[in-house]
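Coordinate analysis (summary)
Spelled out, the chains give:
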Amino acid sequence: MTGTTTLTEALTALAAATAHPPSPAEPPCPHARDTLHLLADRPDGTVVRHGPLVTKAHAPDTDPAALDLRIAVAAHPLLDGILLPPLPLPTAPARSHGRPLSAWPYGTPVDPEDPDAAPWEEAATLLARLHRTDPAGLPGPLAPMRGPAKAARAVARMRATRPHPTVLAAWHDLPAWARDEAPAPRRTLCHGDLHLGQLVRHPAPGGPWHLIDIDDLGLGDPTWDLARPAAWYAAGLLSPDIWQRFLDAYRTAGGPAVPPEGDPWPQLDVAARALTVQTAALALAKATTEGRPLDEVEELMLDSCGRIAALRPAPDAVPPP
């Protein structure tokens, strides 16, 4: 790539070459701009769709060796039907603007306009299968799951823009592992950043659901992958019916994060509180940077931090909402 090639152009060219690798006597395929769809453009990831393929530029601070290992895990037969498998790149290593690149088949995402059709049970089942996968059978050694590190980064970003005493109090009340200051108490294979945007149907459009985005994949406490829906439920953003469906599907599939029956909150408490703090911290930082007030959902997460800071529950107990 030349110095004037944009990151999007590099991703488009990579997709074209992945789909149609040129022979040594042929020039690379043209960019085919008419098939280009920019799906995401954030500091932590730029994603371009090129027909049936997707290419991604990972964050500038990505460890290339750790990324390669995560991609190898996603391609491993033990993860077949759980993680979306990567596509082999026509050249290696693939980098542009100092950022490692990867290629994937396109999958149909969750429809945000049809919340009743959201695949909560499917997401829970995929998580349970992921958590039950023996890391000893995978390429490794895998790095720690990056969820707690992202939470710590969110709090640091808030400190630099708009320190909020309630959020900081809730943060400091968490155990060290949830603040990325100590190893997690359990070490199973985890996704690290589970939300509905991390699921796609493949083959598109009506294939089975797969988990995508392996940037935070690693070994850690499996409760972290259940923490976002748990935190939403505790904040009143997720209905009790949906939460129970999600939890029941996870338990039915043999997920190890919570016991097969009984109250799950003694296990989920820490991770749910950590995700609440992370969400509130990011909301405050973004709202401050954008010069706007918090929206209704962001206010609810901040209110949840207030309840956490006021109650200061023991690490092994939290009341249901």
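Structure: see above.
A short tour of the structure in this document, coming up. Everything numeric here is computed off the predicted structure, so don't read it as measured data.

Another point: helix 3 (residues 120-132). Spanning 13 residues, helix 3 covers 18 Å between terminal C-alpha atoms, matching the ideal 18 Å at 1.5 Å per step. Of all the residues in helix 3, the buried ones are Trp 120, Ala 123, Ala 124, Leu 126, Leu 127, Ala 128, Leu 130 and His 131.

With that settled, consider the pattern of salt bridges. Charged atoms that come close allow side chains of opposite charge to pair. Scanning the entire structure with this criterion turns up 16 salt bridges. Here Asp 269 makes a salt bridge to Arg 273, at a shortest N to O gap of 2.8 Å. With Asp 269 and Arg 273 both in helix 8 (residues 265-290) and four residues apart, this pair spans about one turn of that helix. Arg 273 carries the same exposure label as Asp 269, and that label is buried. Each of Arg 146, Lys 150, Asp 193, Asp 216 and Arg 228 takes part in salt bridges that share partners, so that together they form one network.

With five of six residues buried, strand 2 (residues 45-50) lies mostly within the body of the structure. One ladder, built from six bridges, connects strand 1 (residues 36-42) with strand 2; its direction is antiparallel. Across the sheet, residue Arg 42 finds its bridge partner in strand 2, namely Gly 45. Taking the residues that link successive antiparallel strands as the turn, the strand 1-strand 2 hairpin has two residues. Across six bridges, the pairing between strand 2 and strand 3 (residues 53-58) is antiparallel. Residue pairing for strand 3: Thr 46 is matched across the bridge by Ala 57. Remark: two residues form the turn of the hairpin made by strand 2 and strand 3, two consecutive strands paired antiparallel; Gly 51 in that turn has positive phi of roughly 65 degrees.

A separate point is the packing of helix 4 (residues 147-161) against helix 5 (residues 165-172). Look at helix 4 against helix 5: their axes get within 11 Å of each other, and the N-to-C directions meet at 150 degrees. Between helix 4 and helix 5, the angle is such that the two are roughly antiparallel. The hand of the helix 4/helix 5 crossing is left-handed. Where helix 4 abuts helix 5, its residues Ala 151, Ala 152, Val 155, Met 158 and Arg 159 lie against Val 167, Leu 168, Trp 171 and His 172. Looking at the contact of helix 4 with helix 5 residue by residue, the class counts come to seven nonpolar, one polar and one charged.

What follows deals with the sheet that holds strand 9 (residues 209-211). Judged by pairing direction, the sheet is antiparallel, and its three strands sit side by side in the order 6-8-9 without closing on themselves. Across the chains shown, the open sheet's two edge strands, defined by having one partner strand only, are strand 6 (108-109) and strand 9. Pairing of strand 6 with strand 8 (residues 199-201) involves two bridges; the strand directions are antiparallel. Paired with Thr 108 across the bridge in strand 8 is Arg 201. Docked against the sheet, helix 3 engages strand 8 and strand 9, running at close to 50 degrees with respect to strand 9.

What follows deals with the sheet that holds strand 3. A sheet is described by the order of its strands in space; here five strands give the open sequence 1-2-3-5-4, paired in antiparallel fashion. Every other strand in the sheet has two partners, leaving strand 1 and strand 4 (95-96) as the edge strands with one partner each. Here strand 4 pairs with strand 5 (residues 99-105) via two bridges, running antiparallel. Along strand 5, the bridge assignment pairs Arg 95 with Pro 100. Helix-sheet contacts for helix 2 (residues 64-74) involve strand 3, strand 4 and strand 5, and the interaxial angle to strand 5 is about 10 degrees.

Thresholds, definitions, all that
- Residues numbered from 1 in each chain as written.
- Predicted model: local features only at pLDDT ≥ 70, side-chain atom pairs only at ≥ 80, totals over all residues.
- Heavy atoms only, no water.
- Helix = DSSP H or I, 4+ residues; strand = E, 2+ residues; numbered from the N terminus.
- Expected span 1.5 Å × (residues − 1).
- Buried < 20%, exposed > 50% of the residue type's maximum accessible area, 1.4 Å probe, protein only.
- Salt bridge = Lys/Arg side-chain N within 4 Å of Asp/Glu carboxyl O.
- Pairing = 2+ DSSP bridges.
- Axes fitted to C-alpha atoms, helices over the stretch in contact; angles between N-to-C directions.
- Parallel < 35°, antiparallel > 145°, perpendicular 65-115°, else oblique.
- Left-handed = near helix turned anticlockwise from the far one by under 90°.
- Contact = heavy atoms within 4.5 Å.
- Nonpolar A, V, L, I, M, F, W, Y, C, P; charged D, E, K, R; others polar.

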